[in-house]
Every structure is written in structure tokens, then in C-alpha cells.
Amino acid sequence: MSGKLIVVSNRIPTAATPSGGLVFALHETLRKTGGIWIGSDPEFQADPSDTLKEIGDQSTYQRLAFEMSETDYQTFYLGFANSVLWPVCHRRGDLVQMSRRFEEGYRRVNKRLARQIFEVAGPEDMIWVHDYHFFPLAADLRELGFEGKIGFFLHIPFPALGDMGALPPSANLAHWLADYDLVGLQTRSDVARCLEMFRSELGAELMHDGKIKYGERRVGVRSFPIGIDVEAFVATAEKSTNREEIAKDLSGELIIGVDRLDYSKGLPNRFRAFGRYLETRKDKERRPSLLQIAPPTREEVSAYRDIRFELEELAGRLNGENAELDWTPLRYIHRNIDRDVLAKLFRTARVGFVTPFADGMNLVAKEYIAAQDPEDPGVLVLSRMAGAAEDMTEALLVNPYDIEEMSEALAQALDMPLEERQARYTACMKRVRATDVGRWSENYLNALKDSRRDLSWSSFNERHKNSA
Ligand code: GDG
């Protein structure tokens, strides 16, 4: 690549070496190639600046932040991104909050950011945009005249055509996405839904090379299933010197769930399925416990407050009905837990219980597998609706709406003989390794580098101007 790499994501890590799978992978990529990471400034400004400013460590590559006002945060982030796009992509049109202010905020922040990026990007640079906060960024950059390569990766499910009806007319995903050179999605099903959207648009054609031709533009749409930093996670889980200590405190067989407290993660049904398992288990002497870690997220959005209340009520009832003096069946922690501790808990748990209604990939499923002891592995119970289920077919796959089926899967997992556990673990671990996050970012960037735009953007922009 002759130019530099510019990564754009809503959050930007500020530590010299940030931890966490995706963030660490992007950090490593930029550390090797050099370049710029652009993300939002967590401090609000009454009058956001028109230029990017340095933020956090600058030693190996540049980190630049774009400023937002409190209103931008309310309308762009909490509003359009998380109260319109997030529910639509997660098949929850009923939770969409419509507001013209949200639409305006989303367009304002994206357009401002495009102008700021245009100031720092050279013609040979390659821009990699992450996630639903920035669908229109390429369209806005093209309008300014940026001709270099721009890639997009969507971390969440691509919405079904029917669900897109809940978007306002101004949110034309086909139009926005066509200005990227490469649209990366998590799974083959996401790609199918994206192609269906383009097919339904008059004027979009699927070319022999698999690209979409949409008016003057050509865009590649491919799946790049994301993964975790496998070796690092395995090492953290193995380092668990006080594993016995943790196991002693938790006593009995452990079932674990770890999710941001989001309505897409299917937590109420998970609790119900565990309750159903307790009711129906044959051996009443058996006292498994479900440990659910669910740190808070987007609490300013009402749908997130509702799910929190629902869970608290369910948890109270479940324990009230089933607990004994010396046994609390459900432990529900609404706080962030250290990554090291999480890895140890995963390794200790007999069952990883991952039951989202919709999920782009779900990294917890992969972390749970990576943390297992190959000699005595636990079992992953995984929703068919998680992107991870497309490849991890050797997990116990369940329908997250079917309480009975999930409760039976828990029983099957807790009773599973060692040989079967090992066979399932080995098959899942192979997939976890194949999608290592380092390889994921390398594959994506190679594909973006190779993407050829057949039309000259200058001629496209000329036509744009002439027709405006
Ligand atoms: C989006 C998509 C896609 C959770 N609680 C704690 C904690 N976590 C960590 C997990 C995992 C990460 O957060 C969650 O990742 P997921 O993939 O499960 O879900 P989203 O946050 O919704 O991520 C998703 C992902 O983007 C990547 O493309 O897979 O589908 O929705 O790593 O371990 N980490 C710590 N304490 C906690 O309490 N330290």
C-alpha cells in the first residue's frame, strides 16, 4: 500500500497497548502499518471543532478524535444509531424511536466527520470504516471528492429487507453502501440479505465477479467472520492459578452467561430456560448455578432500562422459588468484571450459555471455547441466531425463543460424556482458530487493497455535480 491506513470507529482506545480482541487487533494492524485511528472524543463540547484533535498515546500511530456536542451524542449516538439502526438490524422494529432530530444528528455528525477525514486523508490512503454509526461516511467523502479506497465492516446483523421498512426514507442503505469499495459482513446470511437489498433496488445488478453494480458504482460484498485473539485468550485462561479458589466459591456445576445488558442477547428467556431446567431436572440433589454477568450499556435508552427491570424481576422470582439456605441458583452481576477473571470463569464453567435473538457474531461463544481445558472441556449451548452458529455447528444449537428446548440442551450439556465433549470442543476450537482476529483484519485489508474500482471517481463526481 503506498498510502496510509485510516481506521474509523466510534470508540477509540487511548492506552498505549489497549486490551480486548477487536481493539487490540486494530491496534496491532496500525502498529505494523502506521496510519491514523479516528474515533469520538468522550468529552462533549458546546461548539464541536471542525478539525480532529490528538487523543491518547501517539507513539506508534496517530490517534485523532472528532468532537461532539451533547446534542450530537443524544441524536447521533443514542438516537439514530442506537434507537433506530440497532433495533432495525436486530429485528426489533417495535423498539425503534422515530425522530427527525435523530436523522438530522446522524447526517450532521457523519458529514462533519467526512470533512475532517478529508482534511487528513491523502489520495493514496485507504480508509476502513467500522459499524452502523457511519453507514453514510463513504457517500459523504465521495461528495467531497475523495477517490481513494474506502471499506466498511458491519459488526451487527445486516437487516432483512422487510425490517428496513422501519427506517426513515432518508436512510437509504443501498445508496450509502454503494459508495464503499468493499462491504464486509459477518456471515454468509448477512451477505445474502445485503444482496437481496441491492437486488430489490432498481438499477442494481449482480456482476459476474460477484460485485454489485449500482448506477456508476461497483461494490464488493463479502463475509469476514470476526474472531478473538485466540492465543492471548487461551494463555489468560490457562494462567488461572486460583481456578480452584473460584470453583470453590461458586460450588457445584457452573453455567455461565456474559453479555452487555442488551435486549438482543435474549437474557430473560435464558433465565426462564434455566428455571425450567431446575423444575424438570430428575436428580433434585443436583445443584447447578447460573452465573450471569451483564454489565450496563446505553442506559439512557429506555428499552435498556426496561430490559434491566425485567431481568431483576425474573432473577428475584427464580431465586425466591428455587434457592436453599446453602444454594443460590442464579447469580446476576450487573457490573463489568476483569477480563482475566472472565477467562477463568469460562474455564471453570461446565456450560457456556449464549442465547441471543440476533447477534452479528458473538465473541463470548468463541472466548468460552478458547478458555476450555482440552482434557476436560465444557459444552457451549449456542443460539442458532448468533452469527457464530453459522460455523460452530458442533455446539449445542438452540432456538432462543424455545424455553423447553434450551432447558433440554442444558440437561444434555450437563450430562454429556467426556468423549462427546472433547469431540465437540475440538470441532468448535478449529473454527475459533480459523477466524482469529489478527487473520480477520489481514484478510479484510488484503481484500480491500485488491478491490478495483472500475469507474473513475472524478468522472463520477463531475456527473454528481452536473446533476445536482
Ligand atoms: C458487537 C456485535 C460482534 C462482556 N462483558 C464483560 C466483557 N465483555 C466482553 C466479552 C466480549 C465482548 O465484551 C462482547 O462481544 P460480543 O461479540 O459478544 O458482543 P457485542 O458487544 O454486542 O459486539 C457482536 C462484535 O461486535 C464483534 O464484531 O461479535 O455480534 O454485537 O469480548 O468478553 N469484558 C469484560 N468484562 C465484562 O463484564 N472484561
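Worth saying up front: this structure is predicted, and the values here are computed from it rather than measured.

Caption draft 1: Structural view of the overall build of the chain. Within the chain, the secondary structure is distributed over 16 helices and 16 strands. Considering only C-alpha atoms, the chain reaches an extent of 75 × 50 × 45 Å along its principal axes. A distance of 2 Å separates the average location of the 61 positive side-chain charges in the chain from that of its 72 negative side-chain charges.

Caption draft 2: A look at the site of the ligand. Among the 22 residues in the neighbourhood of the ligand, the closest are listed as His155, Ile337, Asp359, Leu363 and Glu367. Within the side chain of His155, an N or O atom sits 2.7 Å from an oxygen atom of the ligand. In the environment of the ligand, an oxygen atom lies 3.1 Å from a nitrogen or oxygen atom belonging to the side chain of Lys265. Protein chains bury 84% of the 730 Å² of accessible surface belonging to the ligand in isolation. For the shell around the ligand, the secondary structure elements donating two or more residues are helix 11 (339–348) and helix 12 (363–370). The element contributing the most residues to the shell around the ligand is helix 12, with 3 residues. Looking at side-chain class alone, the shell around the ligand contains 10 nonpolar, 5 polar and 7 charged residues. Each of domain 1 (5–227 + 438–463) and domain 2 (230–434) gives at least three residues to the shell around the ligand.

Caption draft 3: View of the nonpolar core. Val8, Ile38, Ile127, Phe135, Leu137 and Phe198 are the most contacted members of the largest nonpolar core, which totals 96 residues. Take this core: its biggest share by element is 11 residues, from helix 2 (residues 70–89). Split by domain, the residues of this core number at least three in each of domain 1 (5–227 + 438–463) and domain 2 (230–434). Leaving out residues up to four positions away in the same chain, Leu137 has contacts with Val8, Asn110, Leu113, Ala114, Ile117, Val129 and Tyr180. Of all hydrophobic cores here, the second largest spans 57 residues; its members include Ile12, Tyr61, Val258 and Leu345.

Caption draft 4: Spatial organisation of the packing of aromatic side chains. Evaluation of the coordinates by the stated rule reveals 21 aromatic pairs. Centre to centre, the rings of Phe66 and Phe134 are 6.2 Å apart; their planes meet at 80°, and the pair counts as edge-to-face. Within this pair, whereas Phe66 is found in strand 4 (residues 62–68), its partner Phe134 is found in the loop between strand 5 (126–130) and helix 4 (137–144), the two being separated by 68 residues in sequence. Residue classification places Phe134 among the buried positions, given a relative accessible area of 0%. Ring centres 6.4 Å apart and planes at 85° place the aromatic pair Phe153 and Tyr444 in the edge-to-face group. With a gap of 291 residues between them, Phe153 in strand 6 (residues 149–153) and Tyr444 in helix 15 (residues 437–450) connect regions that are remote in the sequence. Tyr444 matches Phe153 in its accessibility class, with the two residues each being buried. Taken together through their ring pairs, the aromatic side chains of Phe66, Phe76, Phe80, Tyr106, Phe134 and Trp176 make up a single cluster. The ring of Trp86 carries Arg298 above its face, with NZ or CZ at 4.2 Å from the centroid.

Caption draft 5: Up close: the sheet that holds strand 10 (residues 217–223). If you walk across this open sheet you meet the 10 strands as 3-4-2-1-5-6-7-10-9-8, and the pairing is mixed. Each having just a single partner strand, strand 3 (53–54) and strand 8 (204–206) make up the two edges of the open sheet. Pairing of strand 6 with strand 7 (residues 182–185) involves 3 bridges; the strand directions are parallel. The residue bridging Phe153 from the neighbouring strand is Gly184, located in strand 7. Set on the sheet, helix 2 makes contact with strand 2 (35–44) and strand 4; between it and strand 4 the angle comes to about 95°. Along the sheet, helix 3 (residues 100–120) contacts strand 1 (5–8), strand 2, strand 4 and strand 5; its crossing angle with strand 4, the most-contacted strand, is approximately 150°.

Caption draft 6: Up close: the domain arrangement of the chain. What the domain assignment reports for the chain is domain 1 (5–227 + 438–463) and domain 2 (230–434). When domain 1 packs against domain 2, the two sides together hide about 1900 Å² of surface, and 54% of this comes from carbon and sulfur. Between the two partners, domain 1 and domain 2, sit 2 salt bridges. With its nearest N and O atoms 3.7 Å apart, the salt bridge here joins Arg188 to Glu390. Between the two partners, domain 1 and domain 2, sit 9 residue pairs in polar contact (both at pLDDT 80 or more). Within the residue set of the side of domain 1 that touches domain 2, elements represented by two or more residues are helix 2 and helix 6 (188–200). For the side of domain 1 that touches domain 2, the leading source of residues is helix 2, giving 7 residues.

Caption draft 7: The confidence of the model for the chain, seen in detail. Looking at the chain, the pLDDT average stands at 92 and 93% of residues meet or exceed 70. Taken together, the stretch residues 454–468 has pLDDT below 50 and engages in 17 contacts with residues farther than four places along the chain or on a different chain.

Definitions and cut-offs
- Residues numbered from 1 in each chain as written.
- Predicted model: local features only at pLDDT ≥ 70, side-chain atom pairs only at ≥ 80, totals over all residues.
- Heavy atoms only, no water.
- Helix = DSSP H or I, 4+ residues; strand = E, 2+ residues; numbered from the N terminus.
- Lys, Arg positive; Asp, Glu negative; His and termini not counted.
- Charge placed at Lys NZ, Arg CZ, Asp CG, Glu CD.
- Near = heavy atom within 4 Å.
- Polar contact = N/O pair within 3.5 Å; in protein donor to acceptor, adjacent residues only side chain to side chain.
- Areas by Shrake-Rupley, 256 points an atom, 1.4 Å probe, with all protein chains shown as cover.
- Nonpolar A, V, L, I, M, F, W, Y, C, P; charged D, E, K, R; others polar.
- Domains from an automatic or database assignment.
- Core = buried A, V, L, I, M, F, W, Y, C linked by side-chain atoms within 4.5 Å.
- Buried < 20%, exposed > 50% of the residue type's maximum accessible area, 1.4 Å probe, protein only.
- Contact = heavy atoms within 4.5 Å.
- Phe/Tyr/Trp six-rings, centres within 6.5 Å; stacked < 30°, edge-to-face > 60°.
- Lys NZ or Arg CZ within 6 Å of the ring centre and 35° of its normal.
- Pairing = 2+ DSSP bridges.
- Axes fitted to C-alpha atoms, helices over the stretch in contact; angles between N-to-C directions.
- Buried area = accessible area lost by both parts, 1.4 Å probe.
- Salt bridge = Lys/Arg side-chain N within 4 Å of Asp/Glu carboxyl O.
- pLDDT = per-residue confidence, 0-100.

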